[in-house]
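# Tertiary structure, described
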Amino acid sequence: MDRMQVKPDDGSLMAQPDRQVVVTGVAGFIGSHLARELLNLGYRVLGIDYLAGHPQVVIERNLAPNKIDKSFTLVRGDLTEVSLIPWFQGVDTIFHLAACPGVRGSWGKDFARYVSSNILATHLLMDAAIRSGVRRVVVSSSSSIYGGASCGPVTETNLPAPLSPYGVTKLAAEQLALAHARRAGSQMTVVALRYFTVYGPRQREDMLISRLITSALTKKPITILGDGRQRRDFTFVEDAVRANLMAMHADVEAEVINIGTGVTTPVLEVAEIVGDIAGMAVPLKFGQRQAGDVRDTHADVSLARAKIGYLPTVDLRSGLKVQFEWARANKLADRPT
Ligand code: NAD
Ligand code: UGA
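Rules used throughout
Residues numbered from 1 in each chain as written. Chains lettered and ligands numbered in written order. Predicted model: local features only at pLDDT ≥ 70, side-chain atom pairs only at ≥ 80, totals over all residues. Heavy atoms only, no water. Near = heavy atom within 4 Å. Polar contact = N/O pair within 3.5 Å; in protein donor to acceptor, adjacent residues only side chain to side chain. Areas by Shrake-Rupley, 256 points an atom, 1.4 Å probe, with all protein chains shown as cover. Helix = DSSP H or I, 4+ residues; strand = E, 2+ residues; numbered from the N terminus. Nonpolar A, V, L, I, M, F, W, Y, C, P; charged D, E, K, R; others polar. Expected span 1.5 Å × (residues − 1). Bend = angle between axes of the 7 residues up to and from the residue. Buried < 20%, exposed > 50% of the residue type's maximum accessible area, 1.4 Å probe, protein only. Contact = heavy atoms within 4.5 Å. Core = buried A, V, L, I, M, F, W, Y, C linked by side-chain atoms within 4.5 Å.

The immediate surroundings of ligand 1 are formed by 29 residues, with D49, H54, Y166, K170 and V198 found nearest. Within the contact set of ligand 1, an oxygen atom lies 2.9 Å away from a backbone nitrogen or oxygen of I30. A distance of 2.9 Å is found between an oxygen atom of ligand 1 and a side-chain nitrogen or oxygen belonging to R204. Computed on the free molecule, ligand 1 has an accessible area of 830 Å², of which 97% lies beneath the protein chains in the complex. Mapped onto the shell around ligand 1, the elements with two or more residues apiece are α2 (29-40), β6 (136-142) and α6 (165-181). Tallied by class, the residues present in the shell around ligand 1 amount to 15 nonpolar, 10 polar and four charged.

Moving on to helix α5 (residues 111-132). Counted at 1.5 Å a residue, the expected span for α5 with its 22 residues is 32 Å, and the 30 Å between its end C-alpha atoms agrees. For α5, the principal kink sits at A121 and spans about 30°. If you check which residues of α5 are buried, you get Y114, S117, N118, A121, T122, L125, M126, D127, A128, A129 and S132. Tucked into the core, α5 has its buried residues touching β2 (20-24), α4 (85-88), β5 (93-96), β6, α6 and β7 (189-195). Residue G133 follows α5 closely and has a positive phi angle near 75°.

Here we come to the side chain of D239. Along the chain, D239 turns up in helix α8 (residues 237-249). Accessibility expressed as a relative area gives 0% for D239, which makes it buried. Polar side-chain contacts of D239 include one of 2.7 Å to the side chain of R242.

Ranked by size, the top nonpolar core spans 46 residues in total, and within it V23, L38, V45, F95, L193 and I259 carry the most contacts. Contributions of two or more residues to this core are made by β2, α2, α3 (56-67), β4 (72-76), β7, α8, β12 (254-259) and α10 (302-308). In terms of residues, this core owes the most to one element, α8, which gives seven residues. Dropping the residues within four chain positions of it, F95 is found in contact with V21, V22, V23, T24, L34, L38, V138, N244 and M248.

So, in structure tokens, the structure goes:
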């Protein structure tokens with residue numbers, strides 16, 4: 001294991017067990033925001049990431065706000081290779097976000113990476129968490145386990161029917177986590193959060209809204225995959241982070257919970273709003289609808305409200321403005337792609 005910025009083993013990890021948490025996938029989009037919020041709240045954060053999910057410049061940018069904090073420790077390593085138990089001693093909660101996240105790239109030979117990072121890594125992490133006496137694991141799951149929302153908003157009791165290999169691995173991961181929590185003798189509890197398309201500053205560069213904003217800034221066309229009438233329930237990253245914090249102490253034992261907004265918007269309408277914000281229409285071209293891409297997503301968030309007190313707080317236009325301003329300030333459009 002390659003350790004970066006690891007603190008001396010002075011026993012401090014054990015000093016206040018309830019204040020020590022782990023964030024896996026900490027160099028990623030959502031994980032980097034969650035770690036920063038936990039640090040703001042006074043937690044000591046051990047971040048684990050193999051630092052291979054993004055180009056180096058993106059990894060450094062994502063880690064920068066956390067690395068400056070003395071309560072942050074980064075462990076560089078693959079979850080399927082790192083010996084996790086020593087790192088989990090005295091840990092109260094693990095937020096497990098590490099995964100291979102793209103829907104459309106999960107076909108073909110890359111599937112082995114998805115199996116490793118999404119399924120095997122989750123199994124090994126849960127096993128180590130139980131053996132280390134971790135109280136709670138909050139797992140990042142995905143709307144992709146549903147396979148679409150053709151008949152209105154989906155609830156957690158809908159039959160999962162993923163359309164992509166990625167969705168299959170996320171379903172396996174959340175169910176593995178729940179199985180570990182239900183294991184005889186387990187004291188560990190699990191909340192699996194099924195996020196619906198998350199956006200905001202630092203959003204992954206393969207995702208729609210990042211690409212729309214880059215197109216608006218560079219004036220180079222984005223390819224809309226399909227007719228653009230497919231809909232997504234777009235969730236602002238602050239809401240996804242808040243859901244994780246609420247899931248930390250909620251009174252549940254083994255639960256899956258939708259984290260979306262309850263509002264679903266066609267891709268072409270998102271392009272129009274980004275155009276309004278940019279002050280010019282986003283240049284579009286059209287390509288093939290992609291294998292594994294669900295037509296529509298739409299979350300019923302009643303259970304989230306009932307179980308963890310979650311309500312979305314950021315509407316799409318407001319969230320898009322924040323992401324647009326962030327992209328402009330960070331000169332993302334100036335970076336070679
Ligand atoms: P991301 O790619 O930005 O972050 C994931 C991080 O995990 C990366 O930094 C990567 O290096 C790390 N990682 C992957 N495999 C690893 C391994 N084996 N060992 C150690 N580190 C590893 O992705 P994101 O968009 O921030 O997504 C975070 C989580 O949320 C993922 O579990 C994803 O499936 C889930 N999710 C995301 C969205 C979304 O819209 N972004 C929606 C639903 C679910
Ligand atoms: C997103 C995340 O990427 C997944 O990690 C996550 O699991 C999933 O949400 C989820 O909700 O569970 P996706 O909905 O495909 O997946 O998000 P985007 O990549 O932003 O795509 C949204 C829509 O825009 C899709 O229909 C896609 O085909 C389309 N799109 C995307 C384009 O038309 N052009 C692009 O360049 C990118």
